Amino acid sequence: MTQRQLFLGGYVLFPGGHFAGAWRHPYSTRDWLGRDFLHDTARTLEAAKFDLAFIPETVSFRAGFARHGLSNAIKHDPAQVAAQLAAVTTNLGLGVTLSTSFNPPYNLARTLASLDHLSGGRVAWNVIQSNGPANYANFPDVEQLDRNALYDRGDEVVEAVQALWRSWGEGALVVDQETGVFANPDLITAPDYKGTHVAVRGPLNLPPTPQGGPVIIQAGDSPRGREFGARWGEVIFAIERTQADLQAKKDDLRAKARAAGRDPEKIRLFAAVQTIVGESTEIARARRDHLRTLVTPEAGIEFFSQFSRLDLGDVDADEPLRKVLDERATDGQAEGRAVVALLELLGPRAANATIGEAAVEFSTSELTPQLVGTGAEIAEQLAELFGSGAADGFLITPTHVPGSFDEFGRAVVPHLQRLGVYKTEYAGTTLRRNLGL
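Residues numbered from 1 in each chain as written. Predicted model: local features only at pLDDT ≥ 70, side-chain atom pairs only at ≥ 80, totals over all residues. Heavy atoms only, no water.

1. A closer look at the packing of aromatic side chains
For the structure on display, the rule yields 18 aromatic pairs. With centroids separated by 4.5 Å and ring planes inclined at 80 degrees, the aromatic side chains of Phe54 and Phe237 adopt a geometry described as edge-to-face. Separated by 183 residues along the polypeptide, Phe54 in strand β2 (residues 52–55) and Phe237 in strand β10 (residues 235–238) bring together distant segments of the chain. By relative accessible area, which is 6% here, Phe54 ends up buried. Note on Phe237: relative accessible area 6%, which makes it buried. Measuring from centroid to centroid gives 5.1 Å for Phe304 and Phe362, while their planes differ by 70 degrees, and the two rings are edge-to-face. You can see Phe304 sitting in helix α10 (residues 297–308) and its partner Phe362 sitting in helix α13 (residues 355–363), a full 58 residues away along the chain. (Phe/Tyr/Trp six-rings, centres within 6.5 Å; stacked < 30°, edge-to-face > 60°. Helix = DSSP H or I, 4+ residues; strand = E, 2+ residues; numbered from the N terminus. Buried < 20%, exposed > 50% of the residue type's maximum accessible area, 1.4 Å probe, protein only.)

Following this line, the structure appears as structure tokens:
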């Protein structure tokens with residue numbers, strides 16, 4: 001029997017990602033707007049046989065994030081980024097994040113199908129639901145919905161998009177130059193989808209893509225988000241700090257998928273990890289410590305404020321952490337997941353830490369587990385977690401771009417291959433084939 005193989009994805013978010021100081025790293029690119037660094041990143045990921053480049057999205061502007069160069073401070077259209085990555089690769093998958101809240105089903109279906117055709121069947125759609133005043137301000141004609149209703153709308157959008165992808169039947173594209181028949185309209189049907197929130201007649205003006213339709217990615221973690229992921233997700237991204245938490249999430253998603261009538265074995269769970277590689281263990285630890293110097297307390301507080309949903313704009317960085325949390329816990333926000341996880345991360349240090357120190361700690365990885373060591377040591381940790389069954393693959397989140405991916409490819413991948421848990425060649429040319437879907 002062939003040994004089970006893990007999958008790898010690269011988190012392509014700039015100028016910052018889970019590490020708030022990525023753009024300040026001395027080895028990071030300085031050209032965040034041009035195509036050259038995207039091409040470089042794509043080639044680096046493909047050389048290391050990564051299965052997927054994951055491209056996040058946001059549709060609003062946050063002044064504090066722009067000031068400090070935090071995640072999404074600048075943001076290209078994800079579909080355009082994917083097109084650039086596709087242009088210089090032949091096997092790398094392309095995970096495109098597009099919101100069901102602000103994009104009509106027809107536009108989503110055509111954009112993603114076009115990318116899938118033009119890339120030879122390598123596209124995945126990371127389905128997100130967007131809300132919040134800053135987002136809605138840019139789409140004033142869109143109805144503002146609560147979280148559960150957003151997911152209800154999301155269900156309808158995915159249903160409509162998939163119906164459009166199926167609107168051309170097998171053999172509908174004829175292309176017979178002798179008879180002059182290009183396509184058979186009798187094999188092309190209009191889905192005429194009507195839901196509570198969206199409607200679209202169709203059909204799509206594109207035939208089925210090389211892999212039958214983009215792979216569906218999901219990362220929602222609320223109870224309703226997990227229900228949505230269990231119904232639609234083929235790849236699930238997770239940030240969990242322990243193996244037990246990761247296993248519990250995987251078991252829960254697969255149980256929900258089974259209850260929804262899906263084959264739970266068709267779900268691939270990718271665990272996000274931040275890898276910090278050194279020529280020795282000591283050098284790797286020194287590099288980890290150096291990362292903290294690249295995040296100012298002010299940047300850290302801005303970053304933590306967004307993800308904890310606490311208003312910390314007027315907080316002095318030297319204020320005690322516990323005092324700040326107690327003062328802003330009146331509405332229960334301090335019980336949020338980000339806060340609880342931060343306190344667990346700090347452990348006994350939380351009692352004496354300032355808000356600035358805690359925010360910097362948070363902002364080095366956004367609570368993504370850090371794997372620190374030599375290439376061999378990191379490979380062994382990944383192989384052990386993979387071997388436990390808690391994860392099917394890993395989303396590598398960089399500390400600098402594209403150098404983190406290059407270091408991982410050169411220092412970690414050969415040891416994963418030596419351990420027999422990672423491929424030396426792609427299984428095929430489509431993403432669905434490479435993921436065993």
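2. Notes on unusual backbone geometry
Along the chain, Phe14 connects to Pro15 via a cis peptide bond; the corresponding omega equals 0 degrees. Mapping Pro15 onto the fold places it in the loop between β1 (7–11) and α1 (36–47). With omega at -5 degrees, the peptide bond leading from Val401 into Pro402 counts as cis. Structurally, the position occupied by Pro402 is in the loop between β13 (393–396) and α15 (403–411). Phi is positive for Lys49, which is not a glycine, with a value near 65 degrees. Tracing the backbone through its elements, the reader meets Lys49 in the loop between α1 and β2. Lys49 gets classed as buried once you look at its relative accessible area, which sits at 16%.

3. Brief notes about a nonpolar patch on the surface
On the surface, a cluster of nonpolar side chains totalling about 300 Å² of accessible area is made up of Leu173, Val175 and Phe182. Mapped onto the fold, Val175 is located in strand β5 (residues 173–176). (Patch = residues over 30% accessible without salt bridge, like charges linked within 9 Å, V, L, I, M, F, W, Y side chains within 5 Å. Areas by Shrake-Rupley, 256 points an atom, 1.4 Å probe, with all protein chains shown as cover. Salt bridge = Lys/Arg side-chain N within 4 Å of Asp/Glu carboxyl O.)

4. Observations concerning the packing of helix α7 (residues 223–232) against helix α8 (residues 243–259)
Put simply, α7 and α8 touch, their axes get as near as 8 Å, and they point 60 degrees apart. Taken together, the axis directions place α7 and α8 in an arrangement best described as oblique. In the crossing of α7 with α8, the sense of the turn from one axis to the other is right-handed. Contacts from Arg226, Glu227 and Ala230 of α7 reach α8 at Lys249, Asp252, Leu253, Lys256 and Ala257. Considered class by class, the residues forming the contact of α7 with α8 number three nonpolar, no polar and five charged. (Axes fitted to C-alpha atoms, helices over the stretch in contact; angles between N-to-C directions. Parallel < 35°, antiparallel > 145°, perpendicular 65-115°, else oblique. Left-handed = near helix turned anticlockwise from the far one by under 90°. Contact = heavy atoms within 4.5 Å. Nonpolar A, V, L, I, M, F, W, Y, C, P; charged D, E, K, R; others polar.)

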